[in-house]
Amino acid sequence: MPDLKTTLHVDMLRRFRSNQASVLVRIARAVRKELAGQVYGLGWGDPENVEPLKFVRDRYVLPYVKAEQTALEIGPAGGRWTRYLLGFRKLYVVDYYAEVLEELKKTCNRPNMEFIKNGGADFPAVADRSIDYLFSFGAFVHMDVLIIDAYLANMKRILKPGANAIIHYSDKTKIMARRNDTFSENTPEIMRSMVRNAGYTIIEEDLTTMWHSSIIQFRL
Ligand SMILES: C[S@@+](CC[C@H](N)C(=O)[O-])C[C@H]1O[C@@H](n2cnc3c(N)ncnc32)[C@H](O)[C@@H]1O
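Please read these numbers as outputs of a predicted model, since none were measured by experiment. (Residues numbered from 1 in each chain as written. Predicted model: local features only at pLDDT ≥ 70, side-chain atom pairs only at ≥ 80, totals over all residues.)

Peer 1: An account of the sheet that holds strand β6 (residues 201-206) is needed here, citing residue identities and associated values.
Peer 2: The strand order across the open sheet built from seven strands is β3-β2-β1-β4-β5-β7-β6, with neighbouring strands paired in mixed fashion. Sheet topology places β3 (113-117) and β6 at the edges, where each strand pairs with a single neighbour. Taking each pair of neighbouring strands and ignoring which way they run, the sheet shows an average axis angle of 15°. Pairing of strand β1 (residues 70-74) with strand β4 (residues 131-136), which is carried by three bridges, proceeds in the parallel orientation. Bridging across to β4, Leu72 finds its partner in Leu134. (Pairing = 2+ DSSP bridges. Helix = DSSP H or I, 4+ residues; strand = E, 2+ residues; numbered from the N terminus. Axes fitted to C-alpha atoms, helices over the stretch in contact; angles between N-to-C directions.)

Peer 1: Give a detailed account of the pairing of strand β7 (residues 213-219), specifying residues and quantitative values.
Peer 2: By the criterion of burial, β7 is predominantly enclosed, with six of the seven residues buried. Inspection of the sheet shows strand β5 (residues 159-170) paired to β7 by six bridges, in the antiparallel sense. Opposite Ile167, over in β7, you have Ile216 as the bridge partner. For β6 and β7, the ladder comprises five bridges, and the chain directions are antiparallel. Bridge pairing links Glu205 to Ile216 in β7. The turn joining β6 and β7, which pair antiparallel and follow one another in sequence, is formed by six residues. (Buried ≥ 20, exposed ≤ 12 C-beta atoms within 10 Å, placed from the backbone.)

Peer 1: Explain the site of the ligand residue by residue, including any values.
Peer 2: Every one of the 21 residues lining the ligand counts as a neighbour, but Gly75, Ala77, Arg80, Gly138 and Ala139 are closest to it. Classifying every residue of the shell around the ligand gives 14 nonpolar, five polar and two charged. (Near = placed C-beta within 6 Å. Nonpolar A, V, L, I, M, F, W, Y, C, P; charged D, E, K, R; others polar.)

Peer 1: I'd like to hear about the nonpolar core, residue by residue, with values.
Peer 2: Membership of the largest hydrophobic core comes to 52 residues, with the highest contact counts inside it found for Ala71, Ile131, Leu134, Phe135 and Ala165. In terms of residue count, β5 provides more of this core than any other element does, six residues in total. Once residues within four sequence positions are removed from consideration, Ile131 is found in contact with Thr70, Ala71, Leu72, Val126, Ile158, Leu159, Lys160 and Ala163. (Core = buried A, V, L, I, M, F, W, Y, C linked by C-beta atoms within 7 Å. Contact = placed C-beta atoms within 7 Å.)

Peer 1: Account for the packing of helix α1 (residues 8-17) against helix α4 (residues 98-107), with residues named and values stated.
Peer 2: Think of two packed helices as two axes; the pair is described by the angle between the axes and how far apart they sit. Two numbers describe how α1 lies on α4: the axes approach to 9 Å, and their chain directions differ by 40°. Considered as vectors, α1 and α4 are oriented oblique to each other. Judged by the sense of rotation from one axis to the other, the crossing of α1 with α4 is left-handed. Residues His9, Val10 and Leu13 of α1 pack against Glu99, Val100 and Glu103 of α4. (Parallel < 35°, antiparallel > 145°, perpendicular 65-115°, else oblique. Left-handed = near helix turned anticlockwise from the far one by under 90°.)

The following block contains the structure:
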C-alpha cells in the first residue's frame, strides 16, 4: 500500500526519463513520447482522445474554469490535466515530489501558476478560504486512506464555502483496481464515509466512467 515513503511516483518519473532500456523498448518509447508531445503522463491516456478521459474533462473540469476564480490541483505530474486549468485567475499545483514539480515546469509554467511542494497532505502557503475549485486525478488512486483522510481534513481550511472539490480515487470494487497493486485499498463506500465524516456534502458520485476507479464531487 503506497504511503508517504513510497518511491512509486519518483520511480515512474525516472523510468519515464530512463534511457537504459533495450533498443526495441527505446524505439517504442521514442514513438510514444513523440505521440505524447513530450508531456510526462500523457502515456497514461490523453483526455483529448481517450473517451472516458474526454468525458471527465468535459464534465468535471472545463465547465468549472472561471477567469475570476482560484483553483488548486493535487498531484499534477506532467500537467495532463493542468493545461485545462490555466484559465483560472490563479492556479496552485501541489505535489509531494519536488522533482515532479520541476518536470511540470518544463511544459507548463505560467505567471498565474504557483508551484507548491507539500508534506504529503497539507497546503502550505495557500490562504484560508481561498480556493473555488479543487481537482485531483490519478493521485488519490495511489494514496493510503489515512493520507486521504488527512487531505480531506486540511482541505477544509483552504476551500471557500460552496467551492467544488473533485477527486478521482481507487475503487477496489472494480476488478481492474484489484489487479493493480499500486492502487490503494479504497472503495466508494469508504470514500463516501470519509468525505461525509470530514463534514462535506456529496454533490455527485461517478462510479461508471472509469474502469479501475471512481470520482467524487463534494462541497463544504
Ligand atoms: C500517477 S501521477 C498522476 C498525475 C496527473 N494528475 C495525471 O493524471 O496525469 C500521481 C501524481 O501524484 C503525486 N503525488 C503522489 N503522492 C502525493 C501526495 N501525497 N500529495 C501530493 N501529490 C502526490 C505524484 O508526484 C504525481 O504527480
